[in-house]
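Listed here are the chains, written in short residue letters.
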Amino acid sequence: GNSPQAAVSPKMNLPHASTNVPASALKGAPPSSIGVPLQRSDEVLAPLRDAFDQVLRETAEWKNLAAAKDNEIARLKAQLASMQLPSNPVPSSPRVGIGMVVGKQPRTHNWPERVVVLRLTSGGPAEESRRIAVNDCLEAIDGESVTNLELDAVCARIVGPSGSTVSLSLCRHVAARVERFTVTLQRRQPGAGGGGGGG
């Protein structure tokens, strides 16, 4: 067998080897004497030290931001807990009317299509007011005209939460003249004497 060293040419020059300077001359020589200009250690380390200090500062800032965020989340959670709705919320009041049924009266040669009172429920707010009568014409609800409204929309405006009020603007034909008047009524539960289809 050939030894591994036999394959290496004894004449091969290594890339970093210097043929000009003997090894004995390098021993103990200052760095500049071997052609490698070295900077002072503090000049080399200063940028690294600055970068490390910046990393430390940014880390501290992130920690402060994270702590502030956690404190804000805790504050918001506490605020939300204090505002939490009860597990059994009070149901909203049902929509009730005033014991008055209305309908559309077709257009005639004297009058356009109108909303008129068809019936009053006995004991209801409309009947008890003693101011509204069958065949009265409803012109406005809470100041808003009903002229171009569908009947369902008219009824939806008459009804509302129990205990609330509604203002009706009506007109009545008496002989050759027209009387206009406004009545404000309190809506109430049908069982309390109010109600009637259409409000």
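Keep in mind that this is a model prediction, so the values were computed, not measured.

**Student:** Would you mind going over the overall build of the protein chain in detail, with residue names and values included?
**Tutor:** Secondary structure summary: the protein chain contains four helices and eight strands in total. Reading the protein chain from its N terminus to its C terminus gives the helix and strand order α-α-β-β-β-α-β-β-α-β-β-β. Taking all 199 residues of the protein chain together, the buried fraction comes to 22%. Once local pairs closer than 6 in sequence are excluded, the contacts in the protein chain between residues at least 24 apart make up 57%. Only carbon and sulfur atoms are counted for the fraction: they give 56% of the accessible area of the protein chain, which is about 14,700 Å².

**Student:** I'd like a description of the side chain of arginine 114, backed by residues and values.
**Tutor:** Inspection of the secondary structure puts arginine 114 in strand β3 (residues 114–120). As a buried residue without a salt bridge, arginine 114 has its nearest oppositely charged side chain in glutamate 139, at a separation of 7.5 Å. Within the local environment of arginine 114, its side chain forms a polar contact with the side chain of glutamine 105, the two groups lying 2.2 Å apart. A distance of 2.8 Å separates polar atoms of two side chains, one belonging to arginine 114 and the other to histidine 173.

**Student:** Got a sec to walk through the pairing of β3? Specific residues and values, please.
**Tutor:** Extensive coverage of β3 is indicated by the burial of five of its seven residues. In this sheet, β3 lies alongside strand β2 (residues 100–105) in antiparallel orientation, the contact comprising six bridges. The residue of β3 that forms the bridge with valine 101 is arginine 119. As judged from the two bridges shared by β3 and strand β4 (residues 137–141), these two strands associate in the antiparallel manner. Its bridge partner lying in β4, valine 115 is registered against leucine 138.

What counts, and at which threshold
Residues numbered from 1 in each chain as written. Predicted model: local features only at pLDDT ≥ 70, side-chain atom pairs only at ≥ 80, totals over all residues. Heavy atoms only, no water. Helix = DSSP H or I, 4+ residues; strand = E, 2+ residues; numbered from the N terminus. Buried < 20%, exposed > 50% of the residue type's maximum accessible area, 1.4 Å probe, protein only. Contact = heavy atoms within 4.5 Å. Areas by Shrake-Rupley, 256 points an atom, 1.4 Å probe, with all protein chains shown as cover. Lys, Arg positive; Asp, Glu negative; His and termini not counted. Salt bridge = Lys/Arg side-chain N within 4 Å of Asp/Glu carboxyl O. Polar contact = N/O pair within 3.5 Å; in protein donor to acceptor, adjacent residues only side chain to side chain. Pairing = 2+ DSSP bridges.

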